[in-house]
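# Fold and geometry: a report
Single-letter residue listing:
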Amino acid sequence: MHKIYRISIVVLLLFNVRQVSAGFHGEDTVHKAQLAKVVRNEFIHSWNAYKKYAWGADGLRPISKTPYQWYKVPLHMTAVDAMDTMILMGLKEEADTLREFIVTTLSFDHDIYVESFEITIRLLGGLLSSYQMTGDERLLKLAEDLGTRMLPVFNTPTGIPYCDVNLKTGAIRNPRTNPGKVGTMLIEFGTLGKLTGRPEFYSLPKRAVMEVYNRRSSIGLVGTWLDANTGEWLDPDSHLSACIDSYYEYLIKCAILFDDRDFQEMWDSSIVAIKTYLAHEAPSGLWFGHVNMFTGERTKTWFGALDAFFPGTLALAGDVETAARLQESCLKMWNRYGIEPEQIDYVTMAVPDDPKWERFFLNPEIMESTYYLYKATGDQRYLEMGKVLLDSLKRYCRLEEGYSELKSVVTKERSDRMESYFLSETLKYLYLLFAPPETLDFNSVIFNTEAHPIRRTW
Ligand code: DMJ
């Protein structure tokens, strides 16, 4: 099935390549090998800062040069998240040392409640992709242990998981959840199920997604928050942003990775509703805004850093034309302040009136979509875009040691945090954009939402 998408992408490419190139400098203006080297150096620069000030911790505060933990015991979030990027960049010795550290020190036998979404995408995804790249069975064992400890999260009246699970006791809490959290488990759990021969790892998260999908409105949309006990919607805001984003991403990715017709059908019907109700042709271009899930009435003309995953998802699903148009809008959002805000009002082309939307968290989504579009079209324009993104990152976020987030893209004031996905996703997608194609066979993997590539070996 994957190949079919590729063929349709190539056909669309023939019609789109000229139009997409307009405005950029054309062939050979980007020296790929040189840029790949730059990104690799930036990864080493950031990794060294983490190693020096936060080794083994979940993350680094790069301004105060201190570590931070998510829970009372460290789960080595940054280390696990960064491992497969290191392998792809050919940092073999560093990756081998790191792997030894992880398999000998990482334990999930702790009396802590963890957020199942984040632990799934960062740790389970990271362990599984590094296992597939190295063949080290100890990584699979850790993944199975983690997955087993998390399974009780599905023991709810509806089958829709709660948000948190205790890794030691299996107790669960926090039934207020969203489609993003529920729908972003199957790539990781499903892969674990296939690799261990345990079908419950596949069936439970699949059922959970279907429970959410079956509660879509009569016009085919899902909302932002729902109650895992009753299945009732708690917030009818429908969009592609935080809380929903990767629910849609995983519909098409699971259809491809697992060759699962149910997921293909869920994607096919969802994309019709998305394009009918969320799509918005504004003077500034094509965007996907907010509507009420029941009426389709427009509620906000907002789009943000997280929504920028969608061109990549559209390209993967074969709709390169829409993907390319939306990517142009994402670039406008980026260029408005020289780096993207968390949200922009695409009618006024300004940040909505609350300083919290001015933040930038070193997010990877726009890089991810640039990479997908380059793979789908081969168009130099996306290399140029990648260079714009890399230059801004270096200009506004680089520190003497590590990279920082921004409190405001308007003032460029810094914020003291470097999230693990900066190493797992942001720099990985930029590197893969410029690196030789043989670095990773794009057509034989599906990336989880944390950019951990999973190969279908079953
Ligand atoms: C990452 O953890 C994942 O990409 C997730 O899907 C969304 N949030 C961050 C990056 O922005």
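Here's a quick rundown of the structure. (Residues numbered from 1 in each chain as written. Predicted model: local features only at pLDDT ≥ 70, side-chain atom pairs only at ≥ 80, totals over all residues. Heavy atoms only, no water.)

Before going further, it helps to spend a moment on the environment of Lys428. By the element assignment, Lys428 lies in helix 16 (residues 420–434). Residue classification places Lys428 among the buried residues on the basis of a relative accessible area of 1%. Through-space distance from the C-alpha of Lys428 to that of Trp55 is 20 Å; in sequence the pair is 373 residues apart. Contact partners of Lys428, with chain neighbours within four places excluded, come to Asp84, Thr85, Leu88, Leu423, Ala451, His452 and Pro453. One polar contact links the side chain of Lys428 to the main-chain carbonyl oxygen of Ser424, over a distance of 3.0 Å. (Helix = DSSP H or I, 4+ residues; strand = E, 2+ residues; numbered from the N terminus. Buried < 20%, exposed > 50% of the residue type's maximum accessible area, 1.4 Å probe, protein only. Contact = heavy atoms within 4.5 Å. Polar contact = N/O pair within 3.5 Å; in protein donor to acceptor, adjacent residues only side chain to side chain.)

Below, the discussion takes up the pairing of strand 10 (residues 279–282). The sheet contact formed by strand 10 and strand 11 (residues 285–288) spans 4 bridges and is antiparallel. Bridge assignment links His280 to a residue of strand 11, and that residue is Trp287. (Pairing = 2+ DSSP bridges.)

On to the packing of aromatic side chains. One pass over the full model with this rule turns up 25 aromatic pairs. When the ring of Trp55 is compared with that of Phe101, the centres are 4.6 Å apart and the planes differ by 40 degrees; the resulting orientation is tilted. With Trp55 in the loop between helix 2 (32–54) and strand 1 (59–61) and Phe101 in helix 4 (residues 92–105), this residue pair connects regions lying 46 residues apart in the sequence. Looking at Trp55, the relative accessible area reads 37%, which means it is partly exposed. Considering the side-chain rings of Tyr371 and Phe442, the 5.4 Å spacing of their centres and the 85 degrees angle between planes classify their relative orientation as edge-to-face. Taken together, the positions of Tyr371 in helix 14 (residues 365–377) and Phe442 in the loop between helix 16 and strand 18 (445–447) put the pair 71 residues apart, joining distant regions of the chain. For the pair shown, Tyr371 and Phe442 are each scored as buried. When the ring centre of Tyr213 is taken as origin, the NZ or CZ atom of Arg216, which lies over that ring, is 3.9 Å away. (Phe/Tyr/Trp six-rings, centres within 6.5 Å; stacked < 30°, edge-to-face > 60°. Lys NZ or Arg CZ within 6 Å of the ring centre and 35° of its normal.)

Another aspect to go through is the sheet that holds strand 8 (residues 233–235). Spatially, the 3 strands line up as an open sheet ordered 6-7-8, and their pairing is antiparallel. Pairing within the sheet leaves two strands with one partner each, and these edge strands are strand 6 (176–177) and strand 8. Taken together, the 2 bridges between strand 7 (residues 225–227) and strand 8 define a ladder with antiparallel strand orientation. Looking at the pairing, Trp225 lines up with Asp235 of strand 8.

It is worth spelling out the nonpolar core at this point. Counting residues in hydrophobic clusters, the biggest one holds 156 residues, and the most contacted among them are Ile102, Tyr248, Phe310, Leu393, Phe434 and Phe447. In terms of residues, this core owes the most to one element, helix 10 (residues 245–258), which gives 10 residues. The residues contacting Phe447, other than those within four sequence positions of it, are Ile187, Lys253, Tyr371, Tyr372, Tyr429, Leu432, Leu440, Phe442, His452 and Pro453. (Core = buried A, V, L, I, M, F, W, Y, C linked by side-chain atoms within 4.5 Å.)

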